[in-house]
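As a plain string of letters, each chain reads:
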Amino acid sequence: MSNLMSGSKILLECLAREGVDTMFGYPGGVTLPFYDAMYDHPLRHVLVRHEENAAFAAQGYARSTGRVGVCCATSGPGATNLTTGLVDAMMDSIPIVALTGQVSTKLMGSDAFQEADTFGITRACTKHNFLVKTLADLPQAVHEAFYIASTGRPGPVLVDVPKDVFQAQAHYVPVTTIHLPGYKVHTDGHAGQIRRAAHMMWEAKRPFIYAGGGIIASNASGELKELVEILDAPTVCTLMGLGALPADHPNFISLPGMHGSYAANMGMTEADLLIALGVRFDDRVTGRLAAFAPHAKVIHVDIDAAEIGKNRAADLPIVGDAKRVLSKLNKILAELAPAHAAINADGRKAWWGQVRGWQEEHPLAPEFSTSEIKPQHLMAEIDRISGGKAIVCSDVGQHQMWAAQLIRFNQPRLWINSGGLGSMGFGLPAALGAQFANPGKLVFSIGGDGGFQMSIPELSTIASYGLPIKIIVMNNGYLGMVRQWQELFYNNRLSSVTLDCFPDAEKLAGAYGFPGRTVENPADLASALQTAVNEPGPYLLNVKVSPFENVYPMVPAGGAINEMVLCDAKPVAVAQ
Amino acid sequence: MLQVISLLLENKPGALMRVTGLLGARGYNIESLTVARTTDSALSRMTIVVDVDPPLRKQVIKQMNKLVNVLQASDLTESPSVARELVLMRVRSTMEARASVLKEAEIFGARVIDSSMEGFALEATGDSEKLDEFIDVMRSYGEIEVTRSGTVAVTLEPRKLRLSSPVPTGAPKTTNTPTPANGVINA
């Protein structure tokens, strides 16, 4: 029944039981026994070029599939390099499990070579973490890690394994149950609260749906669409929620917040009922909290009880999984419809008139020029080629905001970006993970010239695995978002934001053995992108765009979201 | 006003660090913290006294309840509860003052646990303000050395303890092959 196995093999067995097929990692001294066991194990290990990118790639895998992403690093520097990726996953509620090696238990605490207090350091970077000091505890810890990472509000979990635990031998008997008495997962919303929510929705004259990453995490897009259609309410999806409602759905407005559309922010400001689903009222969405949605009652559905009332008090809180709550809610809404739908129908019709008016007044429209490539032009072309279907992994900065504004996502898990933490260097390794998880899909990595240069080493990984990622660099020669803030709020004193040396894209890609090109004439953009997409392998397209373009609309830090700056040098304060 | 938080948590390495880390990350200073095993040796009871801005108190409790090792975190500040603290004190006193020291100790309900030519070692319990007074009074007799335990508190109203049940391991589509009950490894 049971047989003598090493800790390394037992760990691989546990991973197999969790359905892990791919792991992103980087070996080192203390993980040698683990990597030796991998040598003849079917699990695919993807060798990245930096541990931080292993965590980002695991996120790309997780974000694009909903399954737990796995990354692995050695002790000391390997583990500390993972931390940015862990905090990033924490902020965006992404399920990943990180495995780290640790120095042997007898050396722990002795400042041994490559020793770091990984358990202590990652306490604040993870949803939970484990230090496994004996092999007897390993299977339990691994299964608990996957369970914690993937249930409730998802997040990163780290398992730290000392070298002697990898090496120890034991009779392996699979762990079939785990018990975490203090780990509370709220899934079903309160039935009475759900019924009250349905009544509030029909009673509203100006309902507005604010949907976020929670919809995607709980695979509730179908239920969201149903709700949107029963209630016929205008809907915004946050930066984390893009694709939760198809972008070509008539009720979809845009993303809200700091770089949200005029209609999205005015809609939130004027709504009398804000239906907040899987969102956390992030400061980038709400602007000045005291002035946010001042006329609205708030229904807040979230699986994390600590999110309720954290930033904005909820008039009607529902703690539960979005999918389960919405499917119940939709039933009740439909039941109530015959008697209630007509009551405020006129009011809601007028509300739509107002929202459509705002959309027409200031649409999120791309800009074009014949002399230079506008960043918005680039995003519009990517949107055209994608047709709402490609996976787009974005880095952080101006390009991220333009991409979020202008590229349509008609399904969830297509838009992959670092929302909460805003980690530059995220996009390319995330695309790597997403492409491994979705081998047949068109995957774009969009980065700025800043973020791209943070993850250049991964070009090597992409080349060595022949991943057909379309690497687009929106190159404006600046750290654009910082430059924009320096221009607008620091008297245009451009301090340390100039990136005046960028490698020749054709030579850079060529050095790794795949094609690349720089394009700067707007007339060439469409065909250059098409060439990139037609290429069966990876392609690096360096797109030189107008350097001083700013992202608008923009809500200045500390402003109310209806106080948007809509274009250069023409601040427009919109009063109600 | 200080917030008194009572936690029931798993008696595991790192559990204390998770709780204090949560307060530390928000810049809160812990006034006192006590922790010890409960009758069930797998669990610990912790009492924390901490200065948290009143609007954030609920949030702190919710965040503590989210910790995997925490079975229950509750705010005892404004609910029926009793709180006590223990003081151990060494007081030096002159031969002439010994009788007065003992009298004073008796008033505060303190017990003598050691007596020597230099003075006494005393033990007192009570609420923190009363112990402050006790310490002040004793200081007037001579040099003192004080160790305080920090507050321990117990709620006076029964609270329902909601615990999660065991769950099966593995990927959702696990096979039905029977496996021995919860795996034990014999190294």
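Residues numbered from 1 in each chain as written. Chains lettered and ligands numbered in written order. Predicted model: local features only at pLDDT ≥ 70, side-chain atom pairs only at ≥ 80, totals over all residues. Heavy atoms only, no water.

**A word on the sheet that holds strand 2 (residues 30-37) of chain B**
All names here are of chain B. Spatial ordering of the open sheet is given by 2-3-1-4, a layout of four strands whose pairing is antiparallel. Looking at which strands have only one partner, the edges of the open sheet turn out to be strand 2 and strand 4 (70-75). In this sheet, neighbouring strand axes are inclined to one another by 15 degrees on average, regardless of whether the strands run parallel or antiparallel. Across eight bridges, strand 1 (residues 3-10) lies against strand 3 (residues 43-50) in antiparallel orientation. Bridge pairing links V4 to V49 in strand 3. Helix 2 (residues 57-66) rests against strand 1, strand 3 and strand 4 of the sheet, and its axis sits at about 170 degrees to strand 4. (Pairing = 2+ DSSP bridges. Helix = DSSP H or I, 4+ residues; strand = E, 2+ residues; numbered from the N terminus. Axes fitted to C-alpha atoms, helices over the stretch in contact; angles between N-to-C directions. Contact = heavy atoms within 4.5 Å.)

**Some thoughts on helix 14 (residues 345-361) of chain A**
All names here are of chain A. When the terminal C-alpha atoms of helix 14 are compared, their 24 Å separation across 17 residues agrees well with the 24 Å that a helix rising 1.5 Å per residue should span. Buried residues of helix 14: R348, W351, W352, V355 and W358, and no others. With its buried residues spanning 120 degrees around the axis, helix 14 presents them on a single face. Among the exposed residues of helix 14, those oriented more than 90 degrees off its buried face are D346, K349 and E360. (Expected span 1.5 Å × (residues − 1). Buried < 20%, exposed > 50% of the residue type's maximum accessible area, 1.4 Å probe, protein only. Arc of directions from axis to C-beta.)

**Structural notes on the nonpolar core**
Residues and elements named next belong to chain A. Ranked by internal contacts, the top residues of the largest apolar core, which has 116 residues, are F24, L224, M379 and F452. Looking at this core, the element that brings in the most residues is helix 13 (residues 322-340), giving eight residues. Not counting the four nearest positions on each side in its chain, F452 is found in contact with L428, L459, I471, V473, F502, L508 and L540. Listed in part, the 38 residues of the second largest apolar core include F130, A141, L180 and Y183. (Core = buried A, V, L, I, M, F, W, Y, C linked by side-chain atoms within 4.5 Å.)

**Side note on the confidence of the model for chain B**
Residues and elements named next belong to chain B. Counting all residues, the mean pLDDT for chain B is 90, and 91% of those residues have values of 70 or more. Every residue in residues 174-187 is under pLDDT 50, and counting partners more than four places away or in other chains gives 25 contacts. Reported confidences for the modelled complex are a pTM of 0.94 and an ipTM of 0.91. (pLDDT = per-residue confidence, 0-100.)

**What to know about the sheet that holds strand 17 (residues 443-448) of chain A**
Residues and elements named next belong to chain A. Pairing is parallel in the open sheet, where six strands are placed in the order 16-15-17-18-20-19. Edge positions in the sheet fall to strand 16 (415-416) and strand 19 (516-519), since each has one partner strand and no second. Alignment of strand 15 (residues 391-394) against strand 17, held across four bridges, turns out to be parallel. Each residue of the ladder has a partner; that of C393, found in strand 17, is S445. Against the sheet, helix 16 (residues 398-406) makes contact with strand 15, strand 16, strand 17 and strand 18 (470-475), and its axis sits at roughly 135 degrees relative to strand 17, the strand it touches most. Each of strand 19 and strand 20 (539-544) is contacted by helix 21 (residues 505-512), which is oriented at about 170 degrees to strand 19, the strand it contacts most.

**Overview of a nonpolar patch on the surface**
All names here are of chain A. On the surface, a nonpolar cluster with roughly 240 Å² of combined accessible area is contributed by Y26, L47 and Y465. The topology assignment puts Y26 in the loop between strand 2 (22-25) and helix 2 (32-38). Given the relative accessible area of 31%, Y26 is considered partly exposed. (Patch = residues over 30% accessible without salt bridge, like charges linked within 9 Å, V, L, I, M, F, W, Y side chains within 5 Å. Areas by Shrake-Rupley, 256 points an atom, 1.4 Å probe, with all protein chains shown as cover. Salt bridge = Lys/Arg side-chain N within 4 Å of Asp/Glu carboxyl O.)

**Regarding the pairing of strand 1 of chain B**
Residues and elements named next belong to chain B. Of all eight residues making up strand 1, eight are buried, and the element is well covered by its neighbours. Both strand 1 and strand 4 contribute to a ladder of five bridges, which runs antiparallel. Bridge pairing in strand 4 places I5 opposite D75.

**Some remarks on the domain arrangement of chain B**
The domains assigned to chain B are domain 1 (2-79) and domain 2 (82-148). Relative placement of domain 1 of chain B and domain 2 of chain B: their C-alpha centres are 30 Å apart. (Domains from an automatic or database assignment.)

**With respect to the pattern of salt bridges**
The tally for this structure, following the rule as stated, stands at 27 salt bridges over all chains. Across the pair E307(A) and K310(A) runs a salt bridge whose closest N-O atoms are separated by 3.2 Å. Relative accessible area serves as the criterion here: at 5%, E307(A) is assigned to the buried category. Among the residues examined, K310(A) registers a relative accessible area of 30% and is labelled partly exposed. Each of R153(A), D304(A), E307(A), K310(A) and K66(B) takes part in a single network of salt bridges with overlapping partners.

**Here we look at the environment of P27(A)**
Residues and elements named next belong to chain A. One can find P27 in the loop between strand 2 and helix 2. Sequence separation between P27 and L47 is 20 residues; the distance between their C-alpha atoms is 8.3 Å. In this view, P27 contacts Y35, L47 and T74; residues no more than four positions away in its chain are not counted.

**So, unusual backbone geometry**
Residue and element names in this part refer to chain A. Each neighbour pair has its own omega, and for Y552 with P553 the value is -5 degrees, a cis peptide bond. Here P553 lies in the segment after strand 20. In this structure, N219 takes a positive phi of about 55 degrees despite not being glycine. Residue placement: N219 occurs in the loop between helix 9 (213-217) and helix 10 (221-231).

**With respect to helix 3 (residues 98-107) of chain B**
All names here are of chain B. Along helix 3, the residues that are buried comprise R98, V101, E104 and A105. Each buried residue of helix 3 lies within a common arc of 125 degrees when the element is viewed along its axis, so the set occupies one face. Within helix 3, the exposed residues directed more than 90 degrees away from the buried face are A99, K103, E106 and I107. Contacts made by the buried residues of helix 3 are with strand 5 (81-92), strand 6 (111-115), strand 7 (119-126) and helix 4 (128-139). Note on helix 3: the residue one or two positions beyond its end, G109, has a positive phi of about 70 degrees.

**A word on the interface of chain B and chain A**
Across the contact, 37 residues belong to chain B and 37 residues belong to chain A. Each partner contributes to the roughly 3200 Å² buried at the junction of chain B and chain A, and carbon and sulfur atoms together form 56% of this total. In this structure, the connection of chain B to chain A is made through one salt bridge. Of the charged contacts in the structure, one is a salt bridge between K66(B) and D304(A), with a shortest N-O distance of 2.6 Å. Elements with a contribution of two residues or more to the side of chain B that touches chain A: helix 1 (15-24), helix 2, strand 4 and strand 10 (167-168) of chain B. Broken down by element, the residue count for the side of chain B that touches chain A peaks at five residues, all from helix 2 of chain B. Across the side of chain B that touches chain A, the residue classes break down as 16 nonpolar, 15 polar and six charged. Note: strand 9 (residues 177-178) of chain A against strand 10 of chain B, two bridges, orientation antiparallel. The residue bridging T177(A) from the neighbouring strand is P168(B), located in strand 10 of chain B. (Buried area = accessible area lost by both parts, 1.4 Å probe. Nonpolar A, V, L, I, M, F, W, Y, C, P; charged D, E, K, R; others polar.)

**Structural notes on the packing of aromatic side chains**
Residue and element names in this part refer to chain A. For the coordinates displayed, the defined rule picks out 16 aromatic pairs over all chains. Summarising the aromatic geometry, the rings of Y478 and F548 are spaced 5.3 Å apart at their centres and angled 45 degrees between planes, so their arrangement reads as tilted. Here Y478, found in the loop between strand 18 and helix 20 (480-489), pairs with F548, found in the segment after strand 20; they are 70 residues apart in sequence, far enough to count as distant. By relative accessible area, which is 45% here, F548 ends up partly exposed. The rings of F24, Y61, F436 and Y465 are connected pair by pair, giving a single aromatic cluster. Directly above the aromatic system of Y478 lies the positively charged group of R483, at a separation of 5.9 Å from the ring centroid. (Phe/Tyr/Trp six-rings, centres within 6.5 Å; stacked < 30°, edge-to-face > 60°. Lys NZ or Arg CZ within 6 Å of the ring centre and 35° of its normal.)

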